[in-house]
Structures are given as C-alpha cells and as structure tokens.
Amino acid sequence: MKRNFVNTMALLAGMSLLVSGSVSASDAEGSSGSGETPTLVVANWKGYGADEEFGAARFEELYNCKVEFVYFNSVEELYTMLQTGGIGNIDVALPSTVYTQTFRENGMLEPIDTDKISCYENLMEAYLNLPEATGESGEVYALPWTWGTTSLGYNPEAVTGEITSWDDLYGEAYKGKVAFFDDYVTALMTSAIHTGQNPSDPDNLDLEAIKNDLLALKENVRTYWASYDDYLNPYTSGEVVIGNMWAGTATQLMNAGTPCNYIYPEEGTVGYVDMWCIIKDTDCYDLACQWLDFMCGEEFQYNFATVEGNAHNTVNENVYAKLTDEQKAAVWALEVPSKVYMQPVLSTEQQNEWLEVWNEVKAG
Amino acid sequence: MSKGLKIFLKIWMFLGFAFLYIPILVIIIMSFNGTAYGMFPFKFTLEWYPYLFTKSELLPAAVLSLKFSLTVAVSAIIVGTMAAFGMQSMPERFRKGLNSAFQLPITIPWLVQGVSLLLILNLLGIGRSYFGMFCGNVICVLPYVVMLVLGRFAMADRTPEAAARLLGAGPVRVFFDITFPMIVPGVLAGGMMAFIVCFNSFCIQYYLAPFGVRTLPVEVFTLIKTGYKADLNALAALMIMISLAVILLLNRMGYSGTSLFAAGTKKGKMHHD
Amino acid sequence: MKKEKKKNPFRIGSLWAGPSVLMLLCLSLVPLIMLLGFSFMNGNIMNGVFPGWTLENFRKMFSGDTFSKLMGKSLGIGALVTLICIVISYPIAWGIAKVAKPHNRSMFLMLIILPFFTSQLLLIYAMMMILQSGGILMTLLNKIGIASNGTSILYTPRAVILVLVYEYLPYMILCLYTSLESIGDNLVHASRVLGANTFRTFVNIVFPMSIPGLLSGILLVLVPVCGSFAESALVGGPNGMMVGSLINSQYNTVLNMGYGAALSCVFLIILSIIMGVIRLLVNCAEKRIGGDTE
C-alpha cells in the first residue's frame, strides 16, 4: 500500500518536472510581448501576406518594433473578437467590404489621418472613397489593400467546349464534378448573378428563386469547399473539374500540377476588397499608420503581387505599372472582368435570412 | 468455449485492432513522406521533424494543450476525489441522486455544454478566456473522475478503515494511510481519463478558448481547413511514441490496465486476480 | 436509538463533496437553465444591450423543415454508428476479457487507449488521408478493380459514419469490457454444461449482465455523435450536414445566439427523451430475458 503511494507521488513529481521542462523550453523560444519596443497587434487571416518574410519581419526591421498577430477564421470571428475585449488590445485589422461598414457604424474604428500615409496618392481611384470606408464628413476609415474575385475555374484538359458562363456549372455535362464555395454570402450572390438578379442590391432579391437555383446546382456538386486544401485533392485526382474559386486558388492548383483556367463569366462575378483599418482606442496610432503605409506602399505591394505561387492583386498604381504581362497573368489580371459585384452590406435580419436559405439548401 | 468460437474471436479481435491501428501506422509512415498531403509517390525524408520543432505552430499548441490538460486533470482529481469521499458519508438515496446529477455533463452533448457556458460568460462580461475554458473543461471531465473513484470505493473493503479507527488513529491518519492508497488506482484512472478527455476536447475549446489562443485540437482543425503540411504527421507520430513510452512505464510500475478498469462488483467470481 | 450517531457522518463528511456540487450547479445546471432563457432572445447580446424577448426562434425552427430533416439525419447517423460500434465491440471486449491470457489483457487494454492520446482530430485527418482518392484505400480498391480511378467515398455521409465509428469504437469497447470482465467464468461454464449453445448463453447470461456497460457505452457514443459537427464538416460533403453544423453556424457565422440557444435546447430535449426510451427498452429486455437487475 505504501509502495503504491510512494510510486504515485514519484510519478506525479516526474510528470510535473517534465511539464515545467517543456514550459521553460517553449518560453525560451518565444519571447513574452512586453518590453521597451512598441508592439503592434495585427488581426489578419493566417498566411495572408502580412505574416510573410517581406511583411511583418521587414516592418519590424524598418520601424524597430514588434508585430504580434491575432488570427481569425472568418470576419464574424473578427467582429466578435473586437466586441469582446479586442478594442483597446488590437491595433489594426483587416475586414472585408461587408464588415468595414458595420465596424464603422458601430464606432469601432479610428479615422485615418491620410497625411500620415505617404502612398495614399498612389492608390487606385476605383478603390478609394468606397462608401463603406468613408465617414459622414468624408473621413477615411479604411484603406484598400487588395481586391479579389470568386470566379469560375476549370481544368481545360478535362472539360469539353468553351466555358464562358455560370450555366456551365449546371446541367448534365459535369454532374458530380463541381466544387462550390461553402460560404452563404458568396453562394447566394453567385446564384443571384446566375438568375439575372443584382446581388449588390439585397433588398430586392427573390430568395425563393435563388434557393431553387442552388438546389438545382447541388445535384452537380461533389464537395462544398472551404479552403484551398478542400480543392487540391479532388481536383488533382480528377474528381472535380470545375467550380468557383479564388484567383489565388487557381494559381496554386496550377502550380500543384493540374492545369487550371480562371475566367470571368459573362453574367458577372463576385468580388471583394480587403481593407486595413485602425481600431478605436489603439495605443500606438502613429505606428498603426506606418503599418498601413507599409502595407499599401510600393515595396510590400510589389512583393505581394509577385510572390511565387501566391500572388495577389495590387491596389497601388505604381506597382501595377511595374508588373509585366506575365505577372499580371499570374494573378489573372490581364483581362479585367466586365461586371464585378461587390459583397453588399446586409442587415442582421438579411444575414439570418440568407444563412437560413443556405442551410436549407445544404440540408435538403 | 469451443475451439471454433475461440478462433472466430481471435480473428475478430485481430481485425478490430488492425482497423484501429492502420490509420495510426499510416500517419507514422507518412511523417517520413516528402510529397505533400500524404499522396504518392513516396519520397523518404526526415525534414518534417526539425520543421516541427522550429517553424511549426503545432508544437506550441501541443505544449499548451499539455500544460492545460494537466492543470485541468489535477484540479478534477482533487475535486472529484473529494466528492467521492464526501459521498461516502451520505445516505444512500442522496448518493444515488448526486451520482445521476454528476452524469449530466456527459449526458448533454459537449456542443450544448460549451455553448451554454459561453452565453453565460458573455453575460458576465468575461467572455472567451482561459478561465472560461478551464471551467468548461473541468466540468466536462469531473464526471469521469467521480465515476471511477466511486467505483473504486464501491469495490473496496472498508474494514481496515474501521479497524484503524478502532485502534485509535485519527481521521487524517486513516485517510492517508488506509483510504487513499486503497483508492489510488481509481484516482489514477480518473486522472488519466480526465487528461485524455481534456486533451482531445475539441468542442469545448473551440467555443471557449480566447481568440488567438490555439490548443492542439483547435489548431489541427484550423490547419486541416486552411492548409496543412506534413509536420502534422510528425507531431502525431511523436505523440504516439511518447504515449506508448508512458504506458509501458506505468505497466512496469505495477499499474496494470485490468486493475484500472475493473468493475465495481464482481459477480460469480471466486478469486480476485 | 442510533439516529443521532447516524446523522453526524452525513453532515461532516459529506462537506467534502461541496466544491464539486457547487461546480456542477454553476457550470452545468445554471447555464442549461439560462440556455432555455436565451432561446427566447431575439439575436445577440452585444455591448450589454439586451435584444428583447421573442417567440420567433421557435417559430422559425418549426416552420421550415431544415431542423427536422437535420435532426432526423443526425439521429439516424448516431443510431447507425452506435449499432455498428456495439456489433464490432462485443466480440472484441469478450475476447479481451475471457480469451486473452490474463497477462496480455493489460496490454490489450492499453492498446485500445493509445489512440486517445493522439488528438481525435488527427485521427480524422488520418482517415481522410486513407480515404482520399489517390490515397491508400482507393489505390488498393482500384488495383482490385472494385473502385474506378478518381473516385472516393470521401465527402459522403458514408465517410462520416466510418470516421465516427473509428473515433468512438474505443469508448464502446472499454465500457463493454468493464461489464463483461465481471461475469464469472463459472457462470458461462455452468451454462455450457447444462446444454445451452453459444447463442443462448449469450442471450441469457452474457447480455443481461453486460447491460450496465452497454448502457454507458451507448451514452458515451450516441450523445457525442449526434452533436458532432467537425467530422461532417471535414468529410461529409454536400449531403453530410448534421444538426451540429446548423447550431454551430448560428454561433460562429451569424452570431444569432438566440436562435442557436433555441436549437440547442430542443436538440437536448429530443436527445434526452431518446436516451430515456433506450434505457427503458434495455431494462425491459433485461427483465424479460432474466438476469440480475442493478
């Protein structure tokens, strides 16, 4: 009996030693945040440009500070994060058009002093002064960083005929070989475009028609993808030959070995703009402005637009002018889409309604 | 038992264990595969292991999970053992009622448990936090500890305690010298279950972990959804090796699996093994 | 006569259970009651502002057939997974308890627990690797000629069932083992001597005595499976959505806490009723067949 007891104590002691050992090991690797160097807390998607070598690491070098990342998996998560303690802790964040307006209206953002942004003049007109990012009296609340589309991609070796329209996803031709984005906003918008409606005008949409349209599409869908990986495997093995995807996905798929063509269907395509904004009550406003300047500036934007296999569209005029045709083709920006529908701002009821439709389609 | 039945059982058992272990073997093999996503052709490489220790996000998440689960397990052991001990002093009906009450966190799906706790924490203003995650995990593993320690109490012979008290030992002495060693297998089993359940508990941690904090299950889920590299395999292989070592060590020290999982009452058995 | 002496142990000793009871109340019972309250809430509480009471959530849930369809599917998958686990686990648990040599038993049990030590999600991911087209299983089936090139059962409800069985099998085996191990060898031997064949021995002796383990096994498998959403999200494909995903989308996609709470409550009630029915049925069967009741 006593031997058991002693053994137990020894075991517990051993385990606690092991744990404290690994604790000190992991603590030695990473440094704890507070120090004399100012820290900028950045909220972003994981692996989305800012945490590359030419991003945060370079910024830390240039401005002698520390950059700490907080990652989110969806913009809703970012919203909740900010509401439950993020304000005051997070300094800059990257919402997309949809939520920029929500953040602004809820007083979660600081106006950006454009005098402190040296590259402001060089940003493309089309993405400046978007209504979501502009305040009552013209203050700028967010800076565009990159834009993108969720358009039609396909494997030219596996499809017959020319692909020019969203119609090609439906019908018998590619039954069971379609991949579709599992995001209720994109899904409903794409379907709206297909049924001839204007997705950027959510108040006038026929949701019933959209639901039936999506249910018809579901017959053909092999998988609803949520990330690049969901695409890679079925695509390279030939299970999926066509579907909607981001431009970056198309590039990555090509680099993974299976050819991929990315086109903008004639009916129009869904677009988004990701914007940097400064969160209210930040304790390092100037550093935040410098971050925005860096992110939209020539050096970073050029790297961002030309990095091998994971390039993104630039919003900086000077950078766009420097790109070769090849590089533009790599981000599928040689041919500009005719009609791009930006994601609209939805009221809470509309969000719930749209999600309800999407859940009905998925469950049905 | 007939020979045919024995052979059938042995084959069935072999197939069952094979089913359980083939994916694990696949992971271990794939941790040496240079081709991404575990696809063929197979290229032998050792690169994932150093990657795991230097650039990967998985190891910090695993260490965090380890620390956290240990904390939760220890707390659950303490509170659970106290509960089982206290329940010995209660009248039969009350004890049964409390026992059923303790089944509650297991009976309700963890999704609901996590979500309801999140709502309350939001209301209190605490929201997602280490404290919240700790509470959620502790309440989910507590039933296991209580169940296993109670089982041990039920199975145990109480006369040594009575004898000790008769001989004049105070309650503290009785507890440490007699009661505790008797229930130690139950406490250990409970602690082990608590650790395992907390280590794996995806639902609770997904809802209650502070944003930006990633414990292992949440990290793996995120990686699978957004893009993983084969260091995931390396981590899994390492974890399996370590667990195997711990199990062998425990076995050496005399804690056999059978005594940990022995039933509360033995029906129709003539000897103890 | 002895009443006074009996009262004392109850009061003092049982105080030890105090902290755990407190935890149970605060962390489990109270949140559940509040969940019921939240389900009448209209949306989300943000910045301390309460959005108001409404019956809208329940109306929405029962007007369309999304919830009922998903609930049915989840229960169906749960039942199937549990049944498959039971069928697979009985021989294995019996084998470990009776056929394996005593000094091997420990090793077998530890082998069953070992997969738990790797995060369950890693195991799902391992299954995905095996099941994917181009992966091991499909390549094998391809060579044999059963499956054609470029297909897989991944992204179908079948894959969800397979993965769930894989995840929860150890729980069922352990629970059954705990009960089966306590059945005395002499009982089985006696039944054989008296002329019963294997089947009758099982039905009349083994099964009734394994009921406590069976019930805990069902509890530990059915409940989590019905509420799972990670597996169906990863391998379920377009038709694999379960009710857990619906609830999850309310909390993580649109922040509609009220609706999410309402869904959770109804889900919980339905599940509890089913568990109660199962318990009743199993106990009835036990009484009919004969054997010890707890």
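Residues numbered from 1 in each chain as written. Chains lettered and ligands numbered in written order. Predicted model: local features only at pLDDT ≥ 70, side-chain atom pairs only at ≥ 80, totals over all residues.

Re the overall build of chain B
Here is step 1: Across its full length, chain B holds 13 helices and 0 strands.
Here is step 2: Along its sequence from the N terminus, chain B presents helices and strands in the succession α-α-α-α-α-α-α-α-α-α-α-α-α.
Here is step 3: Every one of the 273 residues in chain B was classed for burial, and the buried ones make up 47%.
Here is step 4: Counted over contacts in chain B with a minimum sequence separation of 6, partners at least 24 positions apart contribute 77%. (Helix = DSSP H or I, 4+ residues; strand = E, 2+ residues; numbered from the N terminus. Buried ≥ 20, exposed ≤ 12 C-beta atoms within 10 Å, placed from the backbone. Contact = placed C-beta atoms within 7 Å.)

Digging into the overall build of chain A
Here is step 1: Helix and strand counts for chain A come out as 13 helices and 11 strands.
Here is step 2: Taking all 364 residues of chain A together, the buried fraction comes to 45%.
Here is step 3: Nonlocal contacts in chain A, meaning residues at least 24 apart in sequence, comprise 75% of its contacts between residues at least 6 apart.

Describing the interface of chain C and chain B
Here is step 1: Counting residues at the interface gives 82 residues for chain C, matched by 82 residues for chain B.
Here is step 2: Broken down by element, the side of chain C that touches chain B gets its largest block of residues, 12 residues, from helix α2 (residues 18–38) of chain C.
Here is step 3: Residues belonging to the side of chain C that touches chain B are distributed by class as follows: 57 nonpolar, 22 polar and 3 charged. (Nonpolar A, V, L, I, M, F, W, Y, C, P; charged D, E, K, R; others polar.)

Details of the domain arrangement of chain A
All names here are of chain A.
Here is step 1: Partitioning chain A into structural domains gives domain 1 (39–141 + 274–330) and domain 2 (148–268 + 340–363).
Here is step 2: Placing the centre of domain 1 and that of domain 2 at their C-alpha centroids yields a distance of 27 Å.
Here is step 3: At the junction of the two partners, domain 1 supplies 11 residues and domain 2 supplies 8 residues.
Here is step 4: Sorting elements by how many residues they give to the side of domain 1 that touches domain 2 places helix α4 (residues 97–105) first, with 3 residues.
Here is step 5: In terms of residue class, the side of domain 1 that touches domain 2 is made up of 3 nonpolar, 7 polar and 1 charged. (Domains from an automatic or database assignment.)

Re the confidence of the model for chain A
Here is step 1: With 89% of its residues at a pLDDT of 70 or more, chain A shows a mean pLDDT of 80.
Here is step 2: Across chain A, strand β3 (residues 92–93) of chain A holds the top mean pLDDT of 92, while helix α1 (residues 2–29) of chain A sits lowest at 46. (pLDDT = per-residue confidence, 0-100.)

Considerations on the nonpolar core
What tends to happen in soluble globular proteins is that the nonpolar side chains get buried as a cluster.
Here is step 1: Formed by 275 residues in total, the largest nonpolar core has its most connected members in A:V92, A:L292, B:V141 and B:A194.
Here is step 2: Residue contributions to this core peak at 17 residues, all from helix α8 (residues 157–181) of chain C. (Core = buried A, V, L, I, M, F, W, Y, C linked by C-beta atoms within 7 Å.)

Side note on the packing of α8(C) against helix α11 (residues 211–227) of chain C
The angle between the axes and the distance between the axes are what describe a pair of packed helices.
All names here are of chain C.
Here is step 1: With their axes 7 Å apart at the nearest point, α8 and α11 run at an angle of 160° to one another. As far as their axial angle goes, α11 and α8 are roughly antiparallel. Seen along the crossing, α8 lies across α11 with a hand that is right-handed. Counted together, L164, Y168, Y171, M172, C175, L176, T178, S179 and L180 of α8 and P212, G213, L214, S216, G217, L220, V221 and V225 of α11 form the full contact between these two elements.
Here is step 2: Residues of the contact of α8 with α11, tallied by class, amount to 12 nonpolar, 5 polar and no charged. (Axes fitted to C-alpha atoms, helices over the stretch in contact; angles between N-to-C directions. Parallel < 35°, antiparallel > 145°, perpendicular 65-115°, else oblique. Left-handed = near helix turned anticlockwise from the far one by under 90°.)

Things to note about the environment of B:V172
Residues and elements named next belong to chain B.
Here is step 1: Checked against the element boundaries, V172 lands in helix α9 (residues 171–200).
Here is step 2: You can call V172 exposed: it has 8 C-beta atoms within 10 Å.
Here is step 3: Note: C-alpha distance between V172 and M13 (159 residues apart in sequence) is 47 Å.

Things to note about helix α10 (residues 198–209) of chain C
Here is step 1: Helix length check: α10(C) (12 residues) gives 15 Å between terminal C-alpha atoms against 16 Å at 1.5 Å per residue, within 8%.
Here is step 2: Along α10(C), the positions that sit buried rather than exposed are C:I205, C:V206, C:P208 and C:M209. (Expected span 1.5 Å × (residues − 1).)

Considering the interface of chain C and chain A
Bring the parts together and some accessible area is lost; that lost area is often taken as the interface size.
Here is step 1: Taken together, the contacts link 23 residues of chain C with 22 residues of chain A.
Here is step 2: Secondary structure elements with two or more residues in the side of chain C that touches chain A: α4 (66–99) and α13 (243–252) of chain C.
Here is step 3: Taken together, the residues of the side of chain C that touches chain A break down into 8 nonpolar, 14 polar and 1 charged.

Things to note about unusual backbone geometry
Residues and elements named next belong to chain A.
Here is step 1: Phi at N64 takes a positive value of approximately 50°, unusual for a residue other than glycine.
Here is step 2: Here N64 shows up in the loop between α2 (53–63) and β2 (66–71).
Here is step 3: Residue class for N64 comes out exposed when judged on the 9 C-beta atoms lying within 10 Å of it.

With respect to the packing of helix α3 (residues 58–88) of chain B against α9(B)
Residue and element names in this part refer to chain B.
Here is step 1: Their axes nearest at 8 Å, the elements α3 and α9 cross at an angle of 140°. With respect to each other, α3 and α9 are oriented oblique. The two elements α3 and α9 meet at a crossing, and its hand is right-handed. On the side of α3, the interface is formed by S65, S69, L70, V72, A73, A76, I77, G80 and T81, while α9 contributes V187, G190, G191, A194, F195, C198 and F199.
Here is step 2: Split into classes, the residues belonging to the contact of α3 with α9 amount to 10 nonpolar, 6 polar and no charged.

Focus: the pairing of β2(A)
Residues and elements named next belong to chain A.
Here is step 1: Here 6 bridges tie strand β1 (residues 39–44) to β2, and the two strands are oriented parallel to one another. Residue pairing in the sheet places V41 in a bridge with E68 of β2.
Here is step 2: Traced from β1 through α2 to β2, the parallel crossover comes out right-handed. (Pairing = 2+ DSSP bridges. Right-handed = clockwise from strand over helix to strand, strands pointing away.)

Quick word on the confidence of the model for chain B
Residue and element names in this part refer to chain B.
Here is step 1: Across chain B, pLDDT averages 78, with 86% of residues at or above 70.
Here is step 2: Below a pLDDT of 50 lies the segment residues 263–273, which in the model reaches 24 contacts outside its immediate sequence neighbourhood of four places, other chains included.
Here is step 3: Both scores are available for the predicted complex, with the pTM at 0.78 and the ipTM at 0.78.

Some details on the environment of C:L109
Here is step 1: Within the secondary structure, C:L109 is located in helix α5 (residues 102–117).
Here is step 2: C-alpha separation for the pair C:L109 and C:P170, spaced 61 residues apart in sequence, amounts to 9.5 Å.

Describing the pairing of strand β6 (residues 178–181) of chain A
All names here are of chain A.
Here is step 1: Neither face of β6 is open: one carries V178 and F180, the other A179 and F181, and all of them are buried.
Here is step 2: Relative to strand β7 (residues 221–225), β6 is paired through 4 bridges, and the arrangement is parallel. Residue pairing in the sheet places A179 in a bridge with T223 of β7.
Here is step 3: Bridging between β6 and strand β8 (residues 242–246) involves 2 bridges; their strand directions are parallel. Within β8, the position partnered with A179 by the bridge is G243.

Quick notes on the environment of B:A237
Residue and element names in this part refer to chain B.
Here is step 1: Examined against the element boundaries, A237 turns out to sit in helix α12 (residues 231–252).
Here is step 2: Sequence separation between A237 and P60 is 177 residues; the distance between their C-alpha atoms is 16 Å.
Here is step 3: Other than its neighbours up to four places away in sequence, A237 contacts I27, I28 and S31.

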